[in-house]
Amino acid sequence: MTGMEKAFRWGLRILVWAILAFLVIPILIVIAESFNGVNYLAFPLKGVSLNAYRKFFSDSSWVDATLNSVRIAVVAALIATTIGTLAAWALARTKNRSKGIVYGILYSPVIMPLIVLAISYYAVFSRLQLIGEWVAVSVAYSVMGIPFVLVAVSSALQHFDPELENAARTLGAGPVRTLWKITLPRLTSAIGAGAVFAFVTAFDEAVIILFVAGSGSVTLPRKLWDSVRYDLDPTLAVAGTVLIVVSVGLFLLAELYSAVRDRRRTRALAAATELEGSDG
Amino acid sequence: MTGMEKAFRWGLRILVWAILAFLVIPILIVIAESFNGVNYLAFPLKGVSLNAYRKFFSDSSWVDATLNSVRIAVVAALIATTIGTLAAWALARTKNRSKGIVYGILYSPVIMPLIVLAISYYAVFSRLQLIGEWVAVSVAYSVMGIPFVLVAVSSALQHFDPELENAARTLGAGPVRTLWKITLPRLTSAIGAGAVFAFVTAFDEAVIILFVAGSGSVTLPRKLWDSVRYDLDPTLAVAGTVLIVVSVGLFLLAELYSAVRDRRRTRALAAATELEGSDG
Amino acid sequence: MAEQVVFKGINKSFGDAAAVVDLNLGIEKGEFFTLLGPSGSGKTTTLRMLAGLESATSGEIEIDNELITHTVPEKRNIGLVFQHYALFPHMTVADNVAFPLKMRRTSKTDITTKVNDVLSMTQLSDYRKRYPRELSGGQQQRVALARAFVFSPSILLMDEPLGALDRNLRDHMRLELKSLQQRIDATVLYVTHDQDEALAMSDRIGIMNNGRLLQVAPPNEMYERPANSFVAKFLGDSVCLPATRSRPNGSCALEVEQLSGRVRIDPSTNLCDDDTGVMVVRPEKFVLHNSEPGVSDDNCVSGVVEASVYLGSDHQVYLRDDSGARIQVSSPAAAGAIDVGSRQWLTWRPTDTLFLPVAD
Amino acid sequence: MAEQVVFKGINKSFGDAAAVVDLNLGIEKGEFFTLLGPSGSGKTTTLRMLAGLESATSGEIEIDNELITHTVPEKRNIGLVFQHYALFPHMTVADNVAFPLKMRRTSKTDITTKVNDVLSMTQLSDYRKRYPRELSGGQQQRVALARAFVFSPSILLMDEPLGALDRNLRDHMRLELKSLQQRIDATVLYVTHDQDEALAMSDRIGIMNNGRLLQVAPPNEMYERPANSFVAKFLGDSVCLPATRSRPNGSCALEVEQLSGRVRIDPSTNLCDDDTGVMVVRPEKFVLHNSEPGVSDDNCVSGVVEASVYLGSDHQVYLRDDSGARIQVSSPAAAGAIDVGSRQWLTWRPTDTLFLPVAD
């Protein structure tokens, strides 16, 4: 390694750490505040306690908001996962020219400005008297979750060898059994990852809900938003911590799952390689 | 094709169209409203005119907000693209065990709840007296843009054959010239796509800005949010349309660019295949 | 013997490209039939049409006198060994092999018996709980084979099944495959681009190029009497030179521009209707002499050695005739090395000289 | 001749796995040296260490008596043809070939001249403006070659350069590569697992297995006098049977358990120090008889034909000796087909019987 290369690597390392600090420190502050000993926000902390957690979990409005978020996100994730998976499968199997357009439209919620989506949903919902209907919110969120499932499953299908489906057919499986026994089992990781993204998107969403929540579907981000405008206290930090833990936690679980799978596969591959010898 | 398969395909088709309608109609309503003939929102439209556009582009507060959004997003995209590309490259070349952790942290802004990020940035910015500083907002947004660049470039690097770099080295190119002449030219599509995502993310962002904009860095989404609370008129629809056109337009441009590249490549491949004959 | 599989006037195009053109072919019951051809010749497409994975653009396919042109693959009861095996990666070896039986709702005890039988037949009993990725290439190949015949299909298709194996294993598997076919008494349609595999295993070979079936014959007949220059070149090494037929003095002779002197051929080896064609001689039919041989009925040319390639058991000698032809000759290593630049004489018998129509 | 490249006590491990073990090797100036071995034998690692793409765990590498063990690849001035060519996909053929010259800041006119020379030498002049993906495999191979020697490196490395080509093209390119090497007068280190390539092109072959260099010799010597049973098996077909040496009546003989009767060998073909080893005979050294031959000094066994594989120019006959050995014999097709199940006699000369140490 030349001197220049070394300098380059060090520069990069410092930069990465700076970014990490810029991102991680603010988040850590929020989490730290949730353990604050006093009932107002203070940094550095004035003592450590679980008071704020006690307050959060005994206040039915916070608990209701949390449960409401979970309910809306679960339904949204279910819809997004089903439709996203089927759409990815259908798009991978068709040679139709309109394929790209359908893909693009299903994908577009990711690039649509959230604030515009929020306003347009408000316009439609208020006309159809759906403001405050949690099912309507779930459906709106599911549209935003579809792209994640679509991308994950499409990419898995690209690595999926269609000869496996052909093999199943020649061995006596009809198209439905082939889908069920051969195709779907190969896609579980991707579907799981897509579902997690769809869930977290719905669970965390904080713009659309300001417009369409009404009083009937107050979610955790919405409640957090409302509270932040009136008073700043450690209960807010708890709400923030709950949001972080659920989002990051689910994501880590999904990662862990596929990491374990990968490791098992790598180990198996290593065993197979030993049988044949790798290229010299 | 059996009867069941046909029914399945039709069901899928109807579902896809329903989703398209659910997503596309609200957006189309916003765009339509921007051409409304009267100076209040009305559906169906009462006549068609460009009045709202005239009003938007002659109102310096709207124009300033738009320019401010562009400035913030350009700087954020530049930072995110540079750091994301370098990080992807460094991570692809290292065998360090901490690799996964660094990747995870750089990736995490995508899964962090926006509302929590907003609150924590507010806490940090207000302490450092950065509220209203557009550069600080750019930096905050660049952190959110890094994951997109990282994912796009990492995936391109996975398809990049490291033997090309080795070949350049044996042919007399040092590491810097190899990066410049061999590696980077193969990554332009991915870097471009990542940059577009980073730009659009910053251009559209509507939660963090509510907390940290102050009066010094009012962006288009922020201005839209402020206005929506006071009066609803077609100018808002114009602002929404501008957001949509910029986001979707940039995205389509990037897609178009790589589609043209792909087509050129496919055509070349077809030519090469003809030379050798494809497998029977 | 009865024809078990019949292709009747099959055509298949992908868009504008014709993959198979007017194919008529019958395969007999219990026969080992090989489709041999370069890549892009349509051989794999033919196999996949029989399996039901591609549909013919026109024409009909019959199995046991029943029309199956439009039958779905799962109803055809044909075993197919895929080129890259297409083993199900999320199933163990035993589950892979049991799959076709489960799809046929075979009883559990029957499945266990049959899977055990087939696994021991393919020497895979010790690997039944492994996943495909934990197996070597040769073992994967055997799993693919076991899975394709465990449900006793009367027809077994194989698409370059040995292509992914290395040379020694490939030679070994040739014998294995052939003896397996005889044991289970199946009709086999085998697709390959490897001439040695085709020669070694087949009862009959069909050679394809550009979607057309050029010749169908048993291996030795196809080697000794190729229908045209493409077949001669593709199946075995051969020296091919453009030639014109002349009939001086009533006997049969060829004018070969690139060879000095006329070439005698036997009427029985004159397989071309036209007067212009290609003279073909197999390299092992030549005899090399380092001095001018005596006068005889054999053909004789002389030339200078351009290159001599040592291959262990023999030398490949490249001789440049005075009139320009480059002739490749095999010379046993025992005959000693042949000096590059030296003059050598070649003789070969008129009965070993083929006169064939041109084809590409 | 001077040794241009010297490996001195080179070891290379990847983690726990030893890729190359105690390699000592000198390659002479202008020599065509081939490293031959199965995959995983360490041959590619050796080549990459010489190119500077891998660093040795211990040991030294010298070029022209200069230590280059720690020199970066761009300073070594070695041309390397990569296994999958590694052409730059975003550059035209001409730009690919010009790349090493540009990196050396050659003047524009010099670049033009040299690129033109090399492109016409490799018959690529018509393709100079094409991109790599617009070329056939053989053309890509020639671009890779052109790019590797356009800057006149005195050492040219090739890593299975013909592996991705189909058989006919591969045979043709063997001759081309060899004649190119002679024209540009470069030292070549060639890596392959294909014995035919190694035999056909090399001045000397080094055979590797499990990271160890087993034997270094010219092709014919290596074929006729392999150092051990691994070399015999890997380089050319051979019949290998475990044997013990006995010395009855002072002459040299082998006890081969799987063969009925004692086997005579010549003292000159006794290459094993131990008393236990392997008897090796090349299949082309056997002579097949369909009746019992007369008494002679030659070795003779008889057996029943188990299988006979037709290969066009010859048959591969598998004979089962009464004591259990399975012997593979080549029989010229001209001798006629040999019936499976018939009894045949094999003779071979004591001088063609090798007695070798065991190695895997």
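Everything quoted here is computed from the prediction, not taken from an experiment. (Residues numbered from 1 in each chain as written. Chains lettered and ligands numbered in written order. Predicted model: local features only at pLDDT ≥ 70, side-chain atom pairs only at ≥ 80, totals over all residues. Heavy atoms only, no water.)

Draft legend 1. Just the overall build of chain A, in detail. Per the secondary structure count, chain A includes 11 helices and 0 strands. Helices and strands in chain A line up, N terminus first, as α-α-α-α-α-α-α-α-α-α-α. With the principal axes as the frame, chain A shows a C-alpha extent of 65 × 65 × 35 Å. Expressed as a percentage of contacts within chain A between residues at least 6 apart in sequence, the contacts between residues at least 24 apart total 72%. Taken as a whole, chain A presents about 13,200 Å² of accessible surface, with 65% of it coming from carbon and sulfur. Chain A carries 24 positive and 18 negative side-chain charges, and their two centres are separated by 4 Å. (Helix = DSSP H or I, 4+ residues; strand = E, 2+ residues; numbered from the N terminus. Contact = heavy atoms within 4.5 Å. Areas by Shrake-Rupley, 256 points an atom, 1.4 Å probe, with all protein chains shown as cover. Lys, Arg positive; Asp, Glu negative; His and termini not counted. Charge placed at Lys NZ, Arg CZ, Asp CG, Glu CD.)

Draft legend 2. Structural context of the confidence of the model for chain A. All names here are of chain A. On average, residues of chain A score 84 in pLDDT, and 92% of them are at 70 or above. No element of chain A has a lower mean pLDDT than helix 1 (residues 3-33), which averages 77, and none a higher one than helix 7 (residues 162-170), which averages 94. In this model residues 274-280 is a low-confidence stretch, pLDDT under 50, and it forms 24 contacts with partners more than four residues away in sequence or in other chains. (pLDDT = per-residue confidence, 0-100.)

Draft legend 3. Region of the structure containing the sheet that holds strand 4 (residues 58-63) of chain D. All names here are of chain D. One open sheet holds the 4 strands; their spatial order is 2-1-4-5, and the pairing between them is antiparallel. At either end of the open sheet lies a strand with only one pairing partner, and these are strand 2 (17-28) and strand 5 (66-67). Seen against the sheet, helix 1 (residues 43-51) touches strand 1 (3-14), strand 2 and strand 4 and runs at an angle of roughly 115° to strand 1. (Pairing = 2+ DSSP bridges. Axes fitted to C-alpha atoms, helices over the stretch in contact; angles between N-to-C directions.)

Draft legend 4. Geometry of the relation of the copies chain B and chain A. Least-squares fitting of chain B to chain A yields an RMSD of 0.1 Å, with the transformation described by 0.0 Å of translation along the axis and a rotation of 180°. Expressed as a symmetry operation, the mapping of one chain copy onto the other fits a two-fold axis. Considering only C-alpha atoms, the residue of chain B closest to the rotation axis is B:V207, which sits at 3.4 Å. Looking at the interface residues of chain B, 100% of them are also at the interface in chain A, so both copies use one shared face. (Least-squares fit on C-alpha atoms with pLDDT ≥ 70 in both.)

Draft legend 5. Structural detail: unusual backbone geometry. All names here are of chain D. Of note in this structure, Y85 is not a glycine but carries a positive phi near 75°. Considering the arrangement of structural elements, one finds Y85 in the loop between strand 6 (78-81) and helix 2 (93-103). One non-glycine residue, Q123, adopts positive backbone phi at about 55°. Topologically, Q123 is positioned in the loop between helix 3 (108-121) and helix 4 (137-149). Looking at Q123, the relative accessible area reads 53%, which means it is exposed. (Buried < 20%, exposed > 50% of the residue type's maximum accessible area, 1.4 Å probe, protein only.)

Draft legend 6. Inspection of the packing of helix 6 (residues 134-158) of chain B against helix 9 (residues 188-204) of chain B at higher detail. Residue and element names in this part refer to chain B. Remark: helix 6 packs on helix 9, axes separated minimally by 8 Å, with the N-to-C direction vectors making an angle of 160°. Considering their axes alone, helix 6 and helix 9 lie roughly antiparallel with respect to each other. Regarding helix 6 and helix 9, the two cross each other, and that crossing is right-handed. Of helix 9, the residues touching helix 6 (which contributes Y141, M144, G145, F148, V149, A152, V153 and A156) are A190, I191, G194, A195, F197, A198, T201 and A202. When the residues that make up the contact of helix 6 with helix 9 are grouped by side-chain class, the tally is 13 nonpolar, 3 polar and no charged. (Parallel < 35°, antiparallel > 145°, perpendicular 65-115°, else oblique. Left-handed = near helix turned anticlockwise from the far one by under 90°. Nonpolar A, V, L, I, M, F, W, Y, C, P; charged D, E, K, R; others polar.)

Draft legend 7. Broad picture of the confidence of the model for chain C. Averaged over chain C, the pLDDT score is 89; the fraction of residues at 70 or greater is 98%. Interface scoring of the predicted complex returns ipTM 0.79; its pTM is 0.80.

Draft legend 8. Examining the interface of chain B and chain A more closely. Opposite the 63 residues of chain B that make contact, chain A presents 63 residues. Together, the buried faces of chain B and chain A total about 5,900 Å²; carbon and sulfur atoms form 89% of this surface. Area buried by chain B at its contact with chain A is led by B:F22, B:L23 and B:I111, which between them contribute 11% of it. Summed over the shared surface of chain B and chain A, the number is 0 salt bridges. (Buried area = accessible area lost by both parts, 1.4 Å probe. Salt bridge = Lys/Arg side-chain N within 4 Å of Asp/Glu carboxyl O.)

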